[in-house]
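# Examining the three-dimensional arrangement
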Amino acid sequence: MAACVHTVRHLFITRGAQICTAIPAPQATSLDGNGLQSATLVRMVAFAAGRASSRTPAFRDIPFPNQPLRAPTVAEARAQGRLILIAEDDRINQIVILRQIEVLGYAGEVASNGAEALRLLDSGPYALLLTDLHMPDMDGYSLAQAIRREEARRQRPGQQRLPILALTANALRGEAIRAEAAGMDACLTKPMQLHLFEAALRKWLPQEVGRSESSSVPGANASALRTAAGVMHIELLNSLIGDDPAMVRGLLREYQISSRRLAERMDAAFLAEDFARLGSIAHELKSSSRSVGALNLGDLCAELENACRTLVRQSIACSMSDFDAELQVFDAHLDEWIALTASLLQNP
């Protein structure tokens, strides 16, 4: 009997944007029960049973949002120019939106308020901003206005305008008008139905593009140590504190000591299954990693932070494993770089 359980397929009828994460795809499919019609139910039962797909002629006009799609990692989405930033203060909404974009084949990072979103936008490129309108510290209106002011101030040739989509629980025309006046491009009403959400993402996200050195790392001609995997980008640190080798080496050594200490705390939190603390530590290390040019580590910390929000232990374990492996690689390259620069200082 136990062997048969794995072949059972499930169709979950939920309400609004709720998505079941307990059973992994492809055995599980969810369907919004709001306004459900009998014809749609029959079609989705056929899909869940493996008797139909979105390519079946009779079903081509029916959205099938839960077909298994491999969502990119944060690093992959950044490289493709399709990373989504989500500014949302409510923890449950954060989990739902992250899960929705994962189901739709995208990746995102979460900021808990507008001020944090601005800091993240300063630290790296994003293709799209989804922002709640009402948040502490800085609300969505102020966030959009600050972004548009900064875009107008820079006015760089060929600079892309960041699409900003408002997330609101109030489907009021007055709120949509205010959002537009603040510089937002469209409003989405929470909870968002997947097929409508997917249509909005397709409309506002750019087409996938490959990453070039000049677009992914500022100052492509600057002095830097780059591996094939892009482990270290020293020029990012140079842009913050200058290119004095001794100063840069000292700060990187401090970062190395700090990152090892935080990694030990992360291991302890994981073993204790204290995922809230684990996510908090990953958030702390994400910021410092990106500041010193450890971009891969920063992106893996973001992946881990996202996983901790979902509370899915398997995802958290995978993210921890990826982080541990990358930290070892980074440590090895940093030791090599420090030894090299020390030798150059001794023998100019």
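Up top is the structure these notes are about.
Numbering of residues starts from 1 in each chain and follows the order in which that chain's sequence is written. Only residues with pLDDT of 70 or above have their local features reported here, since the model is predicted, and side-chain atom pairs are shown and tallied only from 80 upward, although totals for entire chains, interfaces and linings are computed over all residues. Hydrogens and water molecules were not included; the side-chain quantities draw on all heavy atoms of the structure.

### Overview of the packing of helix H11 (residues 245–271) against helix H12 (residues 275–292)
Axes here refer to lines fitted to C-alpha atoms; in helices the fit is confined to the stretch in contact. Angles between the N-to-C directions go from 0 to 180 degrees. Going along the chain from the N terminus, every DSSP run of H or I of four or more residues is numbered as a helix, and every run of E of two or more is numbered as a strand. Following both chains from N to C, one finds H11 and H12 inclined at 165°, their axes separated by 9 Å at the closest point. By the angle class used here, H11 and H12 are roughly antiparallel. H12 is crossed by H11, and the crossing has left-handed handedness. Of the residues in H12, those touching H11 at Leu252, Tyr255, Ser259, Leu262, Arg265, Met266, Ala268, Ala269 and Phe270 are Phe275, Arg277, Leu278, Ile281, Ala282, Glu284, Leu285, Ser288, Ser289 and Val292. Its residues placed into classes, the contact of H11 with H12 shows 13 nonpolar, 3 polar and 3 charged. For classification, angles of less than 35 degrees are called roughly parallel, those exceeding 145 degrees roughly antiparallel, those between 65 and 115 degrees roughly perpendicular, and all remaining angles oblique. With the far helix as reference, a near helix turned anticlockwise by less than a right angle produces a left-handed crossing, and one turned clockwise produces a right-handed crossing. Here, two residues are considered to be in contact whenever any of their heavy atoms come within 4.5 Å of each other. The residue classification treats Ala, Val, Leu, Ile, Met, Phe, Trp, Tyr, Cys and Pro as nonpolar and Asp, Glu, Lys and Arg as charged. All others, Gly included, are polar.

### Description of the pairing of strand E6 (residues 164–168)
Residue exposure (1.4 Å probe, protein chains only): buried if accessible area is under 20% of the type maximum, exposed if over 50%, otherwise partly exposed. Where burial is concerned, most of E6 is hidden: 5 out of the 5 residues are buried. Of the two faces of E6, the one carrying Ile164, Ala166 and Thr168 and the one carrying Leu165 and Leu167 are both buried. Any two strands with at least two DSSP bridges between them are considered paired. Direction of pairing for strand E5 (residues 128–132) relative to E6: parallel, over a ladder of 4 bridges. Across the sheet, residue Thr131 finds its bridge partner in E6, namely Ala166. Note that E6 and strand E7 (residues 186–189) share 4 bridges and pair parallel. By the bridge assignment, Leu167 is partnered in E7 with Leu188.

### Considering the nonpolar core
Core analysis: the largest hydrophobic core is formed by 31 residues, its most contacted members being Leu252, Met266, Leu278, Leu304, Ile316, Phe323 and Trp337. Elements that contribute at least two residues to this core include exactly helix H10 (234–241), H11, H12, helix H13 (295–310) and helix H14 (313–346). Other than its neighbours up to four places away in sequence, Phe323 contacts Ala263, Met266, Leu285, Leu297, Leu300 and Cys301. Within this scheme, the nonpolar core is defined by two criteria: the residues are buried Ala, Val, Leu, Ile, Met, Phe, Trp, Tyr or Cys, and they are joined through side-chain atoms within 4.5 Å. Within the second largest apolar cluster, 24 residues are counted, among which are Ala87, Leu143, Ala144 and Ala182.

### Remarks on unusual backbone geometry
Look at Asp137: it is not a glycine, yet its phi comes out positive at around 70°. Relative to the assigned elements, Asp137 resides in the loop between E5 and helix H6 (140–154). For Asp137, a relative accessible area of 72% translates into the label exposed.

### A word on the environment of Asp335
The topology assignment puts Asp335 in helix H14. The class for Asp335 is partly exposed, based on a relative accessible area of 35%. C-alpha of Asp335 to C-alpha of Gln256: the two residues are 79 residues apart in sequence and 9.4 Å apart in space. In this structure, Asp335 is in contact with Arg253, Gln256 and Arg260, ignoring residues within four places of it in sequence. Here a polar contact means two N or O atoms within 3.5 Å. Within protein one must be a hydrogen donor candidate and the other an acceptor candidate, and residues neighboring in sequence count only if both atoms are side-chain atoms. Of the polar contacts made by the side chain of Asp335, one reaches the side chain of Gln256; its length is 3.2 Å.

### Side note on the sheet that holds strand E4 (residues 108–111)
Reading across from one edge, E4-E3-E5-E6-E7 is the order of the 5 strands in this open sheet, with parallel pairing throughout. Of all the strands in the sheet, just E4 and E7 have a single pairing partner and so form its edges. Between one strand and the next, the sheet's axes are offset by a mean angle of 25°, whatever the strand orientation. Bridge count between strand E3 (residues 84–87) and E4: 4 bridges; the pairing is parallel. What sits directly across from Ala87, in E4, is Ala111.

### Description of the packing of aromatic side chains
Here a pair means two rings of Phe, Tyr or Trp (six-membered ring of Trp) with centres within 6.5 Å. Their orientation is stacked below 30 degrees between planes, edge-to-face above 60, and tilted elsewhere. Tallied over the full model, the rule gives 2 aromatic pairs. Where Tyr255 meets Phe330, the ring centres are 5.6 Å apart and the plane angle is 85°; that geometry is what we call edge-to-face. Of the two residues, Tyr255 is situated in helix H11 and Phe330 in helix H14; the sequence distance between them amounts to 75 residues. In terms of burial, Tyr255 and Phe330 fall into one category: buried. Charge over a ring is defined by NZ of Lys or CZ of Arg lying within 6 Å of the ring centre and within 35 degrees of the ring normal. One Lys or Arg, Arg78, reaches over the ring of Tyr126 and ends 5.4 Å from the middle of that ring. Above the ring of Tyr141, the side-chain terminus of Arg178 is found at 3.7 Å from the ring centroid.

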